[in-house]
Amino acid sequence: MNVQLKQKIAFSVLFFCTLLVVVPVLIILVIIFVKGASAMSFSFLTEMPTNGMTAGGIFPAILGTLYLVLGAIIFAVPLGVLSAIYLVEYSRDNALSRIVKLAIVNLAGVPSVVYGLFGLGIFVLFLGFGASILSGSLTLGIMILPVIITSSREALESVPQSFRIVSLSLGASKWQTIRYSVLPHALPGILTGTILGLGRAAGETAPILFTVAAFYLPKLPQSVFDQTMALPYHLYVISTQVPGIPENVRYGTALVLLMLVLILNLSAIILRYQFRKRKKW
Amino acid sequence: MLIRKIKEFFIERMIFLSGIMSIVIVALIFAFLLKEGLSIFWRVPISDFLFARNWYPISDPPQFGILPLIIGSILVTAGAGIISIPIGIASALFIAEIAPRKTKEVLKAGIELLAAIPSVVIGFIGMVTLGPFIKNLFNLSTGLTALSGSITLAFMAMPTIVSIAEDAITAVPRQYREAAIAMGATKWQTTWRIVALAARPGMVAAVMLGIGRVIGETMAVMMVTGNAALIPHSILQPVRTLTATVAAEMGETVQGGEHYAALFAIGIVLFIITFIINGVADIYLHKVKK
């Protein structure tokens, strides 16, 4: 066969495969947007569910997800950033740092439901926090830790070595150098990672199944030791556990969750793009 | 000056402690899984737990054989692999080598969006669209089958496979391509026989991490596979995976009871499987860096 023809066929096959990956994404988005739009209204977003969740709004689930995500970030960002500083600025290429890196890779690969089991074992039972916002946030926080460490590491590594050398040569201590010459330049990258972590935490269901999520609560949580409803779990419940939920409520809930996650991810993508464009070194 | 030194001493200790926190957490996860799960092996020997054919945790007497769940996980994962590996690698080749710059950016953004969609949303869409489609296509009583699970999971493995394979392909030195073209090879011959070959370790890592993702996936697979804890005879029957079993049954157990311990023991099995997969993938990724 003619090599040019062969190339044409091969490229077409590859192109077709790529379409198989990307087109269904568009189809999913379009289906959810079209079918969910009819449920969208101010009251859907701000009211409590009524009539066994077949009517009313999904406000407690939205609020619960915001609480959980906020709690996860408060826990994971300081820990993740410090951990990245250790890896980039302090550790040498020795056995310890290799084990740390392997541990991070493994944390990223642990199934989400295993995080749920871990949270149940350590936070809910062993530390006695019960099924609560605190337990759920900590579980989600540990789950997104690898995301935050990895992106913070990349951000710190992208700061040129000369910045550190100049600062040190002017008599600054190691920590002053990190604090004033390295961290400010790594901040946009760290922020991008944080937002990606937020999106991940907002969408996960399995880690919160046994640590915090409530099927239905008549009132809003009052403290970090209360259970809460959450968007992803609510979508799971109304699409598999409760019969007779109107279709547009299900699609509406999926749309709200999807919008939340997509907006977070899009802002991370835009932030990263802006950052790369502005970077002068 | 002294105060500053003391302050920095504490800050650097904190940095070190945070640095090794990942090791501590991995150890804690394993320790707590063992603490809650090991007691099941007093009652059921490990070989029976892994290879007995019946999972009837709430009958009297209960039976804790996870073989049907292991087969469920393997079947769904194999199906997902057969679909996602060739398509994923082909897409990675297209995006890295063939697509023009603008198209490339758009495609990469699309794949990033796919990675961002929560698994419960993918499960929901699979349930309402793919389920009925499979049911009508094969004339089944239910469309929630191993096949539906495989297709859904194949889709969810794509972002991992495509992005890691694409990185590996992009990392192949330019001289390889230039040398091949200079020898008179066409672009396709270069891509297929030189670049793809050189990127093979990275592609292996991509496939392994994709499979790791599939085995660990919980919500989507629980929603679309029909959840029957029986050994299936074909991919058109409902199955239940290891992950889905834990997620679906933990709510009904008594804390500290046998069923509860058995679910934690499934957690141990999952943890060990993903630990091995990620470890091996990491070795291949290091080969790429060299």
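Rules of the game
Residues numbered from 1 in each chain as written. Chains lettered and ligands numbered in written order. Predicted model: local features only at pLDDT ≥ 70, side-chain atom pairs only at ≥ 80, totals over all residues. Helix = DSSP H or I, 4+ residues; strand = E, 2+ residues; numbered from the N terminus. Buried ≥ 20, exposed ≤ 12 C-beta atoms within 10 Å, placed from the backbone. Contact = placed C-beta atoms within 7 Å. Nonpolar A, V, L, I, M, F, W, Y, C, P; charged D, E, K, R; others polar. pLDDT = per-residue confidence, 0-100. Core = buried A, V, L, I, M, F, W, Y, C linked by C-beta atoms within 7 Å. Domains from an automatic or database assignment. Expected span 1.5 Å × (residues − 1). Bend = angle between axes of the 7 residues up to and from the residue. Axes fitted to C-alpha atoms, helices over the stretch in contact; angles between N-to-C directions. Parallel < 35°, antiparallel > 145°, perpendicular 65-115°, else oblique. Left-handed = near helix turned anticlockwise from the far one by under 90°.

**Re the overall build of chain B**
What chain B contains, in helices and strands, is 13 helices and 2 strands. The principal-axis extents of the C-alpha atoms in chain B amount to approximately 75 × 75 × 35 Å. The 290 residues of chain B split such that 50% are buried. Taking the contacts inside chain B whose residues are at least 6 apart along the sequence as the reference set, 73% of them involve residues at least 24 apart.

**Let's talk about the overall build of chain A**
Each helix and strand counted, chain A has 11 helices and 2 strands in total. Its C-alpha atoms give chain A principal-axis dimensions of about 70 × 70 × 35 Å. For chain A, buried positions account for 51% of its 281 residues. The long-range fraction of contacts in chain A, counting pairs at least 24 apart against all pairs at least 6 apart in sequence, stands at 76%.

**Concerning the interface of chain A and chain B**
Chain A puts 65 residues into the contact, and the matching count from chain B is 68 residues. When contributions to the side of chain A that touches chain B are tallied by element, the ones reaching two or more residues are helix H1 (3-37), helix H3 (59-90), helix H4 (95-109), helix H5 (112-126), helix H8 (174-203), helix H9 (206-209), helix H10 (231-241) and helix H11 (247-278) of chain A. Here the element with the most residues in the side of chain A that touches chain B is H1(A); it accounts for 17 residues. The class makeup of the residues in the side of chain A that touches chain B is 49 nonpolar, 15 polar and 1 charged.

**Some thoughts on the environment of B:Tyr176**
All names here are of chain B. Relative to the helices and strands, Tyr-176 is located in helix H8 (residues 174-182). Taking C-alpha positions, Tyr-176 is 54 Å from Trp-55, a pair spaced 121 residues apart along the chain. Beyond its immediate chain neighbours, meaning those up to four positions away, Tyr-176 contacts Ile-194, Val-195 and Ala-198.

**Looking at the confidence of the model for chain B**
Low-pLDDT stretches of the model should not have their predicted coordinates read in fine detail. Residue and element names in this part refer to chain B. Residues with a pLDDT of 70 or more make up 99% of chain B, whose mean pLDDT is 91. Mean pLDDT in chain B bottoms out at strand E1 (residues 55-56), which sits at 88, and peaks at helix H4 (residues 67-98), which reaches 94. As a predicted assembly, this complex carries a pTM of 0.92 together with an ipTM value of 0.91.

**Digging into the nonpolar core**
Of all hydrophobic cores here, the largest spans 187 residues; its most connected members are A:Leu68, B:Val121 and B:Ala165. With 16 residues, the top contributor of residues to this core is H3(A). Shared between two domains, this core holds at least three residues of each, these being domain 1 (2-37) and domain 2 (46-289) of chain B. Leave out the neighbours within four places in its chain, and B:Ala165 touches B:Gly88, B:Ile89, B:Ala92, B:Gly202, B:Met203 and B:Ala206.

**Digging into the domain arrangement of chain B**
All names here are of chain B. Domains assigned within chain B are domain 1 (2-37) and domain 2 (46-289). Placing a centre on the C-alpha atoms of domain 1 and another on those of domain 2 gives a separation of 32 Å. Listed per partner, the contact involves 6 residues of domain 1 and 6 residues of domain 2. When grouped by side-chain class, the residues that make up the side of domain 1 that touches domain 2 number 4 nonpolar, 1 polar and 1 charged.

**Considerations on helix H7 (residues 146-170) of chain B**
Residues and elements named next belong to chain B. With 25 residues, H7 should cover 36 Å at 1.5 Å per step; its first-to-last C-alpha distance of 35 Å lies within 8% of that length. In H7, a bend of some 35° at Ala-157 exceeds every other bend along the element, and Pro-159, a proline, comes one to four places later. In terms of burial, H7 is largely enclosed, as 23 of its 25 residues are buried.

**Observations regarding helix H6 (residues 133-157) of chain A**
Compared with the 36 Å implied by 1.5 Å per residue over 25 residues, the 35 Å span of H6(A) between its first and last C-alpha is a close match. Counting buried residues along H6(A), 23 of its 25 residues qualify, which places the element largely inside the surrounding structure.

**Quick word on unusual backbone geometry**
For residues that are not glycine, phi is negative in most cases, and the peptide bond is trans in most cases. Residue and element names in this part refer to chain B. With omega at 0°, the peptide bond leading from Asp-60 into Pro-61 counts as cis. Backbone geometry places Asn-139, a non-glycine residue, at a positive phi of 60°. Note on placement: Asn-139 falls in the loop between helix H6 (119-138) and H7.

**Overview of the environment of B:Ile181**
Here B:Ile181 shows up in helix H8. In this structure the C-alpha to C-alpha distance between B:Ile181 and B:Tyr260, which are 79 residues apart in sequence, comes to 61 Å.

**Describing the packing of H7(B) against helix H10 (residues 200-216) of chain B**
Residue and element names in this part refer to chain B. Packing of H7 against H10 brings their axes to within 8 Å, and their N-to-C directions diverge by 155°. One finds that H7 runs roughly antiparallel with respect to H10. For H7 against H10, the interelement crossing comes out right-handed. Residues Leu-153, Met-156, Ala-157, Thr-160, Ile-161, Ile-164, Ala-165, Asp-167 and Ala-168 of H7 pack against Gly-202, Met-203, Ala-205, Ala-206, Val-207, Leu-209, Gly-210, Arg-213 and Val-214 of H10.

**Quick word on the environment of B:Lys287**
All names here are of chain B. Take Lys-287: it is sitting in helix H13 (residues 258-289). Exposure remark for Lys-287: the 13 C-beta atoms within 10 Å place this residue in the partly exposed category. For the pair Lys-287 and Ala-205, spaced 82 residues apart in the sequence, the C-alpha separation amounts to 9.8 Å.

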